[in-house]
Amino acid sequence: MDTTNNAPGKPSGLSVSAKRWIYIGIGFIVFIFIMNVHFPASMMSVKGAELTAQGQRALAVLAFALVLWITEAIPFHFTGILSVVLLALLNVDSFDNIVKIGFGNSNVLFFIGVFIMSSFINKSGLGKRVVNICLSVTGNNTKYVLLGFLIVGTLLSMWISNMAVAAMLMPLAKSLLEEEGVKPLESNFGKALLLSVAWGSLIGGMGTPAGNGPNPLAIGFMKDMAGINISFLEWMKYGIPICLIHVPIAWGLLLLAFKPEMKYLKKTNEEIKRDFRNQPKLSRDEIVTLILFVATIVLWIFSPQLSKLLGTDIPIALPAIVAAMIFFFPGVSKTKYKVIEEDMSWSSIVLVLAGISLGMTLYKTGVANWVAMGLLGNIGGLSPILMIFVVVLSVSLMNIALSSATVSASIVVPIVIELSTSLGIPTLAVAFPATLASSLAFILITSTPTNVIAYSAGYFSIKDFAKAGVLMSVVSCVIVAVVMYGVGLLTGLY
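Keep in mind the model is a prediction, meaning the values are calculated, not measured.

**Section: the pattern of salt bridges**
Here the structure, examined in full by the defined rule, presents three salt bridges. One salt bridge connects Arg-129 with Glu-286, and the closest N-O pair in it is separated by 2.8 Å. Separated by 157 residues along the polypeptide, Arg-129 in helix H7 (residues 126–138) and Glu-286 in helix H14 (residues 284–301) bring together distant segments of the chain. Its salt-bridge partner being Arg-277, residue Glu-270 comes within 3.1 Å of it at the nearest N-O pair. In this structure Arg-277 comes out as exposed when scored by relative accessible area, which is 53%.

Now the structure itself:
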(Lines give C-alpha, C1' and ligand atoms only; values in the text may rest on other atoms or scores of the structure.)
Protein backbone atom coordinates (compact mmCIF):
# COMPACT_ATOMS: atom_id res chain seq x y z
CA MET A 1 0.00 0.00 0.00
CA ASP A 2 1.32 3.44 -0.85
CA THR A 3 2.17 5.57 2.16
CA THR A 4 3.14 9.17 2.66
CA ASN A 5 4.73 11.00 5.55
CA ASN A 6 1.82 12.96 7.00
CA ALA A 7 3.17 13.51 10.51
CA PRO A 8 2.04 16.88 11.98
CA GLY A 9 4.60 19.62 11.66
CA LYS A 10 6.66 17.73 9.06
CA PRO A 11 6.63 18.30 5.33
CA SER A 12 5.08 15.43 3.48
CA GLY A 13 7.57 13.40 1.46
CA LEU A 14 7.15 11.68 -1.86
CA SER A 15 4.73 8.81 -1.90
CA VAL A 16 5.96 5.32 -2.74
CA SER A 17 4.15 5.56 -6.08
CA ALA A 18 5.86 8.86 -6.90
CA LYS A 19 9.27 7.40 -6.11
CA ARG A 20 8.59 4.40 -8.29
CA TRP A 21 7.53 6.60 -11.19
CA ILE A 22 10.77 8.52 -10.77
CA TYR A 23 12.71 5.25 -10.96
CA ILE A 24 10.79 4.28 -14.10
CA GLY A 25 11.59 7.70 -15.54
CA ILE A 26 15.28 7.22 -14.77
CA GLY A 27 15.11 3.82 -16.45
CA PHE A 28 13.65 5.38 -19.61
CA ILE A 29 16.31 8.11 -19.60
CA VAL A 30 19.04 5.45 -19.42
CA PHE A 31 17.21 3.51 -22.13
CA ILE A 32 16.97 6.51 -24.50
CA PHE A 33 20.59 7.49 -23.83
CA ILE A 34 21.99 4.05 -24.71
CA MET A 35 19.67 3.84 -27.72
CA ASN A 36 21.03 7.09 -29.17
CA VAL A 37 24.59 7.39 -27.91
CA HIS A 38 27.35 7.07 -30.51
CA PHE A 39 29.96 4.79 -29.03
CA PRO A 40 33.58 5.39 -30.14
CA ALA A 41 34.84 2.97 -32.76
CA SER A 42 37.19 1.48 -30.15
CA MET A 43 34.17 0.51 -28.03
CA MET A 44 32.04 -0.76 -30.89
CA SER A 45 34.54 -3.56 -31.47
CA VAL A 46 36.18 -5.25 -28.48
CA LYS A 47 38.62 -8.04 -29.37
CA GLY A 48 36.55 -8.98 -32.40
CA ALA A 49 33.19 -8.71 -30.63
CA GLU A 50 30.99 -6.24 -32.52
CA LEU A 51 28.16 -4.14 -31.07
CA THR A 52 25.64 -3.93 -33.92
CA ALA A 53 22.73 -1.48 -34.13
CA GLN A 54 20.40 -4.33 -33.23
CA GLY A 55 22.64 -5.24 -30.31
CA GLN A 56 22.67 -1.63 -29.09
CA ARG A 57 18.87 -1.68 -28.92
CA ALA A 58 18.99 -4.93 -26.92
CA LEU A 59 21.62 -3.39 -24.62
CA ALA A 60 19.34 -0.39 -24.02
CA VAL A 61 16.51 -2.74 -23.00
CA LEU A 62 18.86 -4.60 -20.66
CA ALA A 63 19.96 -1.34 -18.99
CA PHE A 64 16.33 -0.27 -18.60
CA ALA A 65 15.46 -3.63 -17.02
CA LEU A 66 18.44 -3.42 -14.65
CA VAL A 67 17.30 -0.02 -13.35
CA LEU A 68 13.81 -1.39 -12.68
CA TRP A 69 15.13 -4.59 -11.10
CA ILE A 70 17.55 -2.72 -8.84
CA THR A 71 14.99 -0.13 -7.71
CA GLU A 72 12.06 -2.59 -7.63
CA ALA A 73 9.93 0.05 -9.34
CA ILE A 74 7.56 -2.68 -10.51
CA PRO A 75 7.51 -6.40 -9.59
CA PHE A 76 10.49 -8.36 -10.95
CA HIS A 77 8.43 -10.62 -13.21
CA PHE A 78 6.60 -7.73 -14.85
CA THR A 79 9.93 -6.05 -15.55
CA GLY A 80 10.90 -9.25 -17.35
CA ILE A 81 7.72 -9.21 -19.45
CA LEU A 82 8.15 -5.51 -20.22
CA SER A 83 11.67 -6.27 -21.47
CA VAL A 84 10.30 -8.91 -23.84
CA VAL A 85 7.74 -6.42 -25.17
CA LEU A 86 10.37 -3.72 -25.71
CA LEU A 87 12.69 -6.14 -27.55
CA ALA A 88 9.83 -6.93 -29.93
CA LEU A 89 8.75 -3.29 -30.39
CA LEU A 90 12.33 -2.29 -31.21
CA ASN A 91 12.46 -5.07 -33.81
CA VAL A 92 15.40 -6.80 -32.11
CA ASP A 93 13.52 -9.99 -32.99
CA SER A 94 9.89 -10.92 -33.57
CA PHE A 95 7.66 -11.17 -30.51
CA ASP A 96 6.85 -14.82 -31.30
CA ASN A 97 10.52 -15.77 -31.51
CA ILE A 98 11.44 -13.98 -28.28
CA VAL A 99 8.55 -15.58 -26.38
CA LYS A 100 9.26 -19.04 -27.78
CA ILE A 101 12.87 -18.86 -26.59
CA GLY A 102 11.82 -18.44 -22.96
CA PHE A 103 8.16 -19.26 -22.44
CA GLY A 104 8.39 -22.37 -24.61
CA ASN A 105 11.14 -23.63 -22.31
CA SER A 106 10.65 -26.84 -20.29
CA ASN A 107 11.80 -25.00 -17.15
CA VAL A 108 8.20 -23.87 -16.62
CA LEU A 109 7.21 -27.47 -15.85
CA PHE A 110 10.27 -27.96 -13.64
CA PHE A 111 9.33 -25.03 -11.41
CA ILE A 112 5.67 -26.00 -11.25
CA GLY A 113 6.72 -29.48 -10.12
CA VAL A 114 9.18 -28.20 -7.52
CA PHE A 115 6.72 -25.68 -6.05
CA ILE A 116 4.04 -28.37 -5.74
CA MET A 117 6.50 -30.74 -4.06
CA SER A 118 7.63 -28.00 -1.66
CA SER A 119 4.05 -27.18 -0.73
CA PHE A 120 3.19 -30.81 0.01
CA ILE A 121 6.26 -31.18 2.25
CA ASN A 122 5.10 -28.14 4.20
CA LYS A 123 1.35 -28.82 4.30
CA SER A 124 1.69 -32.52 5.16
CA GLY A 125 3.80 -31.81 8.25
CA LEU A 126 6.79 -33.72 6.90
CA GLY A 127 9.01 -30.64 7.15
CA LYS A 128 8.21 -30.13 10.85
CA ARG A 129 8.89 -33.81 11.51
CA VAL A 130 12.33 -33.48 9.92
CA VAL A 131 13.16 -30.58 12.26
CA ASN A 132 11.97 -32.57 15.29
CA ILE A 133 14.27 -35.39 14.23
CA CYS A 134 17.07 -32.84 13.96
CA LEU A 135 16.48 -31.55 17.53
CA SER A 136 16.38 -35.10 18.87
CA VAL A 137 19.90 -35.52 17.48
CA THR A 138 21.39 -32.13 18.42
CA GLY A 139 19.91 -32.02 21.92
CA ASN A 140 19.50 -28.75 23.80
CA ASN A 141 23.01 -27.35 23.24
CA THR A 142 22.41 -24.09 21.35
CA LYS A 143 25.60 -24.44 19.29
CA TYR A 144 24.46 -27.79 17.94
CA VAL A 145 20.92 -26.54 17.41
CA LEU A 146 22.41 -23.94 15.04
CA LEU A 147 24.38 -26.66 13.26
CA GLY A 148 21.26 -28.81 13.02
CA PHE A 149 19.24 -26.06 11.32
CA LEU A 150 22.12 -25.40 8.92
CA ILE A 151 22.35 -29.08 7.99
CA VAL A 152 18.59 -29.55 7.58
CA GLY A 153 18.31 -26.37 5.50
CA THR A 154 21.20 -27.45 3.29
CA LEU A 155 19.93 -30.99 2.76
CA LEU A 156 16.37 -29.89 1.96
CA SER A 157 17.46 -27.02 -0.27
CA MET A 158 19.37 -29.42 -2.53
CA TRP A 159 16.04 -30.79 -3.72
CA ILE A 160 13.40 -28.09 -3.31
CA SER A 161 13.46 -24.31 -3.76
CA ASN A 162 15.43 -22.11 -1.37
CA MET A 163 12.35 -20.02 -0.63
CA ALA A 164 10.31 -23.11 0.26
CA VAL A 165 12.98 -24.34 2.68
CA ALA A 166 13.25 -20.93 4.36
CA ALA A 167 9.45 -20.70 4.57
CA MET A 168 9.38 -24.15 6.17
CA LEU A 169 12.15 -23.59 8.72
CA MET A 170 11.50 -19.95 9.68
CA PRO A 171 8.26 -20.53 11.65
CA LEU A 172 9.82 -23.56 13.37
CA ALA A 173 12.87 -21.53 14.43
CA LYS A 174 10.65 -18.65 15.52
CA SER A 175 8.45 -20.99 17.55
CA LEU A 176 11.54 -22.41 19.28
CA LEU A 177 12.77 -18.93 20.16
CA GLU A 178 9.37 -17.90 21.48
CA GLU A 179 9.29 -20.98 23.71
CA GLU A 180 12.69 -19.94 25.06
CA GLY A 181 11.52 -16.36 25.70
CA VAL A 182 14.23 -14.95 23.44
CA LYS A 183 13.87 -11.22 22.67
CA PRO A 184 14.02 -10.20 18.98
CA LEU A 185 17.04 -8.08 17.95
CA GLU A 186 18.64 -8.53 21.38
CA SER A 187 19.58 -12.20 21.45
CA ASN A 188 22.68 -13.46 19.66
CA PHE A 189 21.16 -16.93 19.62
CA GLY A 190 18.03 -15.56 17.96
CA LYS A 191 20.09 -13.74 15.34
CA ALA A 192 22.28 -16.76 14.62
CA LEU A 193 19.35 -19.20 14.43
CA LEU A 194 17.39 -17.16 11.88
CA LEU A 195 20.57 -16.50 9.92
CA SER A 196 21.16 -20.27 9.84
CA VAL A 197 17.71 -20.62 8.24
CA ALA A 198 18.73 -18.28 5.39
CA TRP A 199 22.30 -19.54 5.06
CA GLY A 200 21.41 -23.22 5.04
CA SER A 201 18.86 -22.62 2.29
CA LEU A 202 21.39 -20.68 0.19
CA ILE A 203 24.18 -23.23 0.66
CA GLY A 204 22.02 -26.20 -0.32
CA GLY A 205 20.98 -24.44 -3.51
CA MET A 206 24.42 -25.10 -4.96
CA GLY A 207 24.33 -28.87 -4.41
CA THR A 208 22.15 -30.11 -7.27
CA PRO A 209 20.45 -28.77 -10.42
CA ALA A 210 17.17 -28.77 -8.49
CA GLY A 211 18.57 -26.71 -5.62
CA ASN A 212 18.14 -23.20 -7.01
CA GLY A 213 16.23 -21.55 -9.83
CA PRO A 214 19.32 -20.42 -11.79
CA ASN A 215 20.70 -23.98 -11.93
CA PRO A 216 18.35 -25.46 -14.55
CA LEU A 217 18.40 -22.08 -16.26
CA ALA A 218 22.18 -22.33 -16.67
CA ILE A 219 21.94 -25.93 -17.83
CA GLY A 220 19.55 -24.78 -20.56
CA PHE A 221 21.85 -21.94 -21.61
CA MET A 222 24.88 -24.25 -21.80
CA LYS A 223 22.92 -26.77 -23.86
CA ASP A 224 21.41 -24.20 -26.24
CA MET A 225 24.45 -21.96 -26.62
CA ALA A 226 27.41 -24.35 -26.28
CA GLY A 227 25.92 -27.79 -26.91
CA ILE A 228 26.99 -28.99 -23.43
CA ASN A 229 24.72 -31.43 -21.58
CA ILE A 230 25.20 -31.52 -17.81
CA SER A 231 23.68 -34.51 -16.03
CA PHE A 232 22.37 -34.45 -12.48
CA LEU A 233 25.30 -36.53 -11.22
CA GLU A 234 27.87 -34.43 -13.05
CA TRP A 235 26.54 -31.31 -11.32
CA MET A 236 26.66 -33.08 -7.95
CA LYS A 237 30.36 -33.91 -8.40
CA TYR A 238 31.06 -30.23 -7.90
CA GLY A 239 28.00 -29.06 -5.94
CA ILE A 240 27.98 -31.59 -3.10
CA PRO A 241 31.62 -31.02 -1.99
CA ILE A 242 31.02 -27.27 -2.08
CA CYS A 243 27.98 -27.68 0.19
CA LEU A 244 29.77 -30.03 2.59
CA ILE A 245 32.66 -27.61 3.07
CA HIS A 246 30.33 -24.63 3.44
CA VAL A 247 28.31 -26.01 6.35
CA PRO A 248 31.02 -26.24 9.07
CA ILE A 249 32.57 -22.95 7.95
CA ALA A 250 29.17 -21.19 8.01
CA TRP A 251 28.57 -22.65 11.48
CA GLY A 252 31.93 -21.33 12.71
CA LEU A 253 31.31 -17.86 11.27
CA LEU A 254 27.86 -17.67 12.89
CA LEU A 255 29.33 -18.60 16.27
CA LEU A 256 32.10 -16.06 15.76
CA ALA A 257 29.76 -13.23 14.78
CA PHE A 258 26.89 -14.05 17.17
CA LYS A 259 28.10 -16.26 20.02
CA PRO A 260 24.91 -17.50 21.77
CA GLU A 261 24.37 -15.90 25.15
CA MET A 262 22.75 -19.14 26.33
CA LYS A 263 24.56 -22.45 26.28
CA TYR A 264 21.48 -24.66 26.57
CA LEU A 265 17.77 -24.43 25.79
CA LYS A 266 15.31 -24.36 28.67
CA LYS A 267 13.90 -27.63 27.41
CA THR A 268 16.00 -30.55 28.65
CA ASN A 269 17.35 -33.29 26.41
CA GLU A 270 14.90 -35.70 27.97
CA GLU A 271 11.96 -33.41 27.17
CA ILE A 272 13.15 -33.05 23.57
CA LYS A 273 13.44 -36.82 23.21
CA ARG A 274 10.02 -37.31 24.81
CA ASP A 275 8.43 -34.86 22.38
CA PHE A 276 10.11 -36.74 19.54
CA ARG A 277 8.85 -40.13 20.79
CA ASN A 278 5.33 -38.77 21.26
CA GLN A 279 5.01 -37.53 17.68
CA PRO A 280 2.00 -38.97 15.89
CA LYS A 281 2.65 -41.67 13.35
CA LEU A 282 3.33 -40.65 9.78
CA SER A 283 0.08 -39.50 8.20
CA ARG A 284 -1.04 -40.78 4.83
CA ASP A 285 -0.09 -37.49 3.16
CA GLU A 286 3.36 -37.56 4.79
CA ILE A 287 3.98 -41.09 3.51
CA VAL A 288 2.81 -40.21 0.00
CA THR A 289 4.95 -37.04 -0.02
CA LEU A 290 8.01 -38.92 1.23
CA ILE A 291 7.65 -41.68 -1.37
CA LEU A 292 7.20 -39.25 -4.27
CA PHE A 293 9.99 -37.02 -3.00
CA VAL A 294 12.47 -39.92 -2.81
CA ALA A 295 11.29 -41.30 -6.17
CA THR A 296 11.87 -37.91 -7.82
CA ILE A 297 15.40 -37.71 -6.42
CA VAL A 298 16.18 -41.24 -7.64
CA LEU A 299 14.89 -40.40 -11.13
CA TRP A 300 16.98 -37.22 -11.19
CA ILE A 301 20.14 -39.04 -10.19
CA PHE A 302 19.71 -41.99 -12.57
CA SER A 303 18.20 -40.07 -15.49
CA PRO A 304 21.26 -40.68 -17.78
CA GLN A 305 20.93 -44.46 -17.33
CA LEU A 306 17.15 -44.31 -17.81
CA SER A 307 17.59 -42.18 -20.93
CA LYS A 308 19.81 -44.87 -22.47
CA LEU A 309 17.41 -47.63 -21.40
CA LEU A 310 14.30 -45.92 -22.79
CA GLY A 311 16.02 -44.37 -25.78
CA THR A 312 14.68 -40.90 -25.00
CA ASP A 313 15.95 -37.78 -23.25
CA ILE A 314 14.88 -37.27 -19.61
CA PRO A 315 15.47 -33.63 -18.63
CA ILE A 316 15.22 -32.65 -14.96
CA ALA A 317 11.77 -31.14 -15.55
CA LEU A 318 10.26 -34.54 -16.40
CA PRO A 319 10.54 -36.33 -13.00
CA ALA A 320 9.45 -33.16 -11.19
CA ILE A 321 6.24 -32.66 -13.16
CA VAL A 322 5.39 -36.39 -13.16
CA ALA A 323 5.62 -36.49 -9.36
CA ALA A 324 3.52 -33.32 -9.13
CA MET A 325 0.78 -34.87 -11.29
CA ILE A 326 0.69 -38.08 -9.25
CA PHE A 327 -0.16 -36.10 -6.10
CA PHE A 328 -3.52 -35.21 -7.64
CA PHE A 329 -4.48 -38.64 -8.93
CA PRO A 330 -7.66 -39.98 -7.27
CA GLY A 331 -7.02 -41.33 -3.78
CA VAL A 332 -3.32 -40.40 -3.66
CA SER A 333 -3.50 -37.37 -1.36
CA LYS A 334 -6.19 -35.79 0.79
CA THR A 335 -4.84 -32.29 0.12
CA LYS A 336 -6.70 -30.55 -2.68
CA TYR A 337 -5.06 -28.57 -5.46
CA LYS A 338 -6.76 -25.33 -4.33
CA VAL A 339 -4.78 -25.51 -1.08
CA ILE A 340 -1.51 -26.20 -2.89
CA GLU A 341 -2.23 -23.49 -5.48
CA GLU A 342 -1.93 -20.84 -2.76
CA ASP A 343 1.79 -21.68 -2.45
CA MET A 344 2.49 -21.57 -6.19
CA SER A 345 4.86 -18.70 -6.99
CA TRP A 346 3.69 -17.92 -10.51
CA SER A 347 5.59 -14.63 -10.42
CA SER A 348 8.86 -16.57 -9.95
CA ILE A 349 8.03 -18.78 -12.93
CA VAL A 350 7.26 -15.77 -15.12
CA LEU A 351 10.50 -14.11 -14.01
CA VAL A 352 12.55 -17.20 -14.93
CA LEU A 353 10.99 -17.52 -18.38
CA ALA A 354 11.27 -13.81 -19.14
CA GLY A 355 14.89 -14.01 -18.02
CA ILE A 356 15.54 -16.81 -20.51
CA SER A 357 14.04 -14.73 -23.31
CA LEU A 358 16.17 -11.71 -22.40
CA GLY A 359 19.35 -13.73 -21.89
CA MET A 360 19.06 -15.66 -25.16
CA THR A 361 18.21 -12.50 -27.11
CA LEU A 362 21.33 -10.81 -25.71
CA TYR A 363 23.27 -13.83 -26.94
CA LYS A 364 21.70 -13.89 -30.41
CA THR A 365 22.27 -10.18 -30.99
CA GLY A 366 25.94 -10.40 -29.99
CA VAL A 367 25.54 -8.14 -26.93
CA ALA A 368 26.62 -10.96 -24.57
CA ASN A 369 29.86 -11.37 -26.50
CA TRP A 370 30.51 -7.60 -26.58
CA VAL A 371 29.88 -7.15 -22.84
CA ALA A 372 31.88 -10.28 -21.97
CA MET A 373 34.96 -9.15 -23.85
CA GLY A 374 34.72 -5.65 -22.41
CA LEU A 375 34.37 -6.70 -18.78
CA LEU A 376 36.20 -10.01 -18.50
CA GLY A 377 38.21 -10.21 -21.69
CA ASN A 378 41.51 -10.42 -19.83
CA ILE A 379 40.74 -13.33 -17.52
CA GLY A 380 42.08 -15.77 -20.10
CA GLY A 381 45.59 -14.86 -18.97
CA LEU A 382 44.88 -15.73 -15.33
CA SER A 383 45.61 -19.05 -13.70
CA PRO A 384 42.50 -21.33 -13.63
CA ILE A 385 41.90 -20.98 -9.90
CA LEU A 386 42.28 -17.18 -9.99
CA MET A 387 40.04 -17.01 -13.07
CA ILE A 388 37.30 -18.93 -11.22
CA PHE A 389 37.67 -16.68 -8.18
CA VAL A 390 37.33 -13.50 -10.27
CA VAL A 391 34.20 -14.84 -12.02
CA VAL A 392 32.59 -15.95 -8.73
CA LEU A 393 33.42 -12.70 -6.94
CA SER A 394 32.06 -10.64 -9.86
CA VAL A 395 28.74 -12.48 -9.87
CA SER A 396 28.51 -12.28 -6.06
CA LEU A 397 28.84 -8.50 -6.26
CA MET A 398 26.17 -8.40 -8.98
CA ASN A 399 23.81 -10.20 -6.60
CA ILE A 400 23.93 -7.15 -4.33
CA ALA A 401 22.50 -4.93 -7.06
CA LEU A 402 20.18 -7.27 -8.96
CA SER A 403 18.20 -8.64 -5.98
CA SER A 404 17.47 -11.87 -7.82
CA ALA A 405 19.58 -14.96 -8.44
CA THR A 406 17.49 -15.66 -11.53
CA VAL A 407 18.13 -12.20 -12.95
CA SER A 408 21.87 -12.60 -12.23
CA ALA A 409 21.98 -15.95 -14.01
CA SER A 410 19.91 -14.70 -16.95
CA ILE A 411 22.39 -11.94 -17.61
CA VAL A 412 25.72 -13.43 -16.51
CA VAL A 413 25.57 -17.02 -17.79
CA PRO A 414 25.08 -16.10 -21.49
CA ILE A 415 27.91 -13.56 -21.11
CA VAL A 416 30.44 -16.02 -19.64
CA ILE A 417 29.45 -18.72 -22.15
CA GLU A 418 30.14 -16.32 -24.98
CA LEU A 419 33.35 -15.26 -23.26
CA SER A 420 34.58 -18.84 -22.92
CA THR A 421 33.94 -19.45 -26.62
CA SER A 422 35.82 -16.31 -27.64
CA LEU A 423 38.82 -16.99 -25.39
CA GLY A 424 38.97 -20.72 -26.04
CA ILE A 425 38.28 -21.57 -22.38
CA PRO A 426 36.19 -24.68 -21.56
CA THR A 427 32.65 -23.32 -21.15
CA LEU A 428 31.91 -25.43 -18.08
CA ALA A 429 35.04 -24.05 -16.42
CA VAL A 430 33.57 -20.54 -16.14
CA ALA A 431 29.80 -20.94 -16.65
CA PHE A 432 29.46 -23.46 -13.83
CA PRO A 433 31.13 -21.33 -11.12
CA ALA A 434 29.21 -18.28 -12.39
CA THR A 435 25.97 -20.19 -11.84
CA LEU A 436 27.00 -21.34 -8.37
CA ALA A 437 27.89 -17.76 -7.47
CA SER A 438 24.29 -16.68 -8.07
CA SER A 439 23.44 -18.57 -4.85
CA LEU A 440 25.97 -16.55 -2.83
CA ALA A 441 23.55 -13.89 -1.60
CA PHE A 442 24.93 -13.42 1.91
CA ILE A 443 25.35 -9.63 2.13
CA LEU A 444 22.00 -7.95 1.48
CA ILE A 445 18.63 -9.17 2.71
CA THR A 446 17.02 -7.99 -0.52
CA SER A 447 19.35 -10.11 -2.67
CA THR A 448 16.85 -12.98 -2.55
CA PRO A 449 13.38 -13.67 -1.12
CA THR A 450 15.00 -16.47 0.90
CA ASN A 451 16.74 -13.86 3.05
CA VAL A 452 13.59 -11.77 3.33
CA ILE A 453 11.67 -14.75 4.73
CA ALA A 454 14.23 -15.26 7.52
CA TYR A 455 14.39 -11.50 8.16
CA SER A 456 10.60 -11.28 8.47
CA ALA A 457 10.76 -13.18 11.78
CA GLY A 458 12.22 -10.01 13.29
CA TYR A 459 15.21 -11.44 15.15
CA PHE A 460 18.06 -9.79 13.23
CA SER A 461 18.62 -6.44 11.52
CA ILE A 462 19.89 -5.61 8.04
CA LYS A 463 23.17 -4.58 9.69
CA ASP A 464 23.40 -7.94 11.49
CA PHE A 465 22.91 -9.78 8.21
CA ALA A 466 25.59 -7.76 6.41
CA LYS A 467 27.99 -8.02 9.33
CA ALA A 468 28.25 -11.79 9.06
CA GLY A 469 27.51 -11.91 5.35
CA VAL A 470 30.50 -9.91 4.06
CA LEU A 471 32.99 -12.37 5.51
CA MET A 472 30.84 -15.33 4.48
CA SER A 473 30.74 -14.06 0.89
CA VAL A 474 34.52 -13.77 0.63
CA VAL A 475 35.03 -17.20 2.18
CA SER A 476 32.37 -18.68 -0.13
CA CYS A 477 34.13 -17.32 -3.21
CA VAL A 478 37.33 -19.02 -2.07
CA ILE A 479 35.51 -22.30 -1.37
CA VAL A 480 33.83 -22.37 -4.79
CA ALA A 481 37.09 -21.53 -6.57
CA VAL A 482 39.17 -24.12 -4.69
CA VAL A 483 36.61 -26.94 -4.97
CA MET A 484 35.86 -26.22 -8.63
CA TYR A 485 39.55 -26.28 -9.45
CA GLY A 486 40.27 -29.35 -7.31
CA VAL A 487 37.41 -31.45 -8.69
CA GLY A 488 38.08 -30.04 -12.15
CA LEU A 489 41.65 -31.36 -12.01
CA LEU A 490 40.37 -34.82 -11.08
CA THR A 491 37.77 -34.84 -13.86
CA GLY A 492 40.04 -33.33 -16.51
CA LEU A 493 38.14 -30.03 -16.74
CA TYR A 494 41.30 -27.97 -16.05
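Don't stop here, the text continues.
**What about the packing of aromatic side chains?**
As enumerated under the stated definition, the model contains 13 aromatic pairs in all. Three or more aromatic residues joined by ring pairs form one cluster here, namely Phe-120, Phe-327, Phe-328 and Tyr-337.

**Some remarks on the confidence of the model for the protein chain**
Across the protein chain, the average pLDDT comes to 83, with 92% of residues at 70 or higher. Taking the mean pLDDT of every element in the protein chain, the minimum, 70, falls on helix H19 (residues 367–376) and the maximum, 95, on helix H10 (residues 188–204). Confidence drops under a pLDDT of 50 for residues 1–11, and excluding neighbours within four residues, the segment shows 10 contacts in the predicted structure.

**A word on the state of the cysteines**
Scanning the entire structure with this criterion turns up zero disulfides. In this model Cys-243 remains outside any disulfide bridge; the closest cysteine sulfur is found in Cys-477, 15 Å from its own. Assessed through its relative accessible area of 1%, Cys-243 is described here as buried.

**Structural notes on the nonpolar core**
Ranked by internal contacts, the top residues of the largest apolar core, which has 129 residues, are Leu-194 and Trp-199. Counting 32 residues, the second largest nonpolar core, distinct from the first, contains Leu-51, Phe-64, Phe-76 and Leu-362.

Cut-off values and rules
- Residues numbered from 1 in each chain as written.
- Predicted model: local features only at pLDDT ≥ 70, side-chain atom pairs only at ≥ 80, totals over all residues.
- Heavy atoms only, no water.
- Salt bridge = Lys/Arg side-chain N within 4 Å of Asp/Glu carboxyl O.
- Helix = DSSP H or I, 4+ residues; strand = E, 2+ residues; numbered from the N terminus.
- Buried < 20%, exposed > 50% of the residue type's maximum accessible area, 1.4 Å probe, protein only.
- Phe/Tyr/Trp six-rings, centres within 6.5 Å; stacked < 30°, edge-to-face > 60°.
- pLDDT = per-residue confidence, 0-100.
- Contact = heavy atoms within 4.5 Å.
- Disulfide = S-S within 2.5 Å.
- Core = buried A, V, L, I, M, F, W, Y, C linked by side-chain atoms within 4.5 Å.

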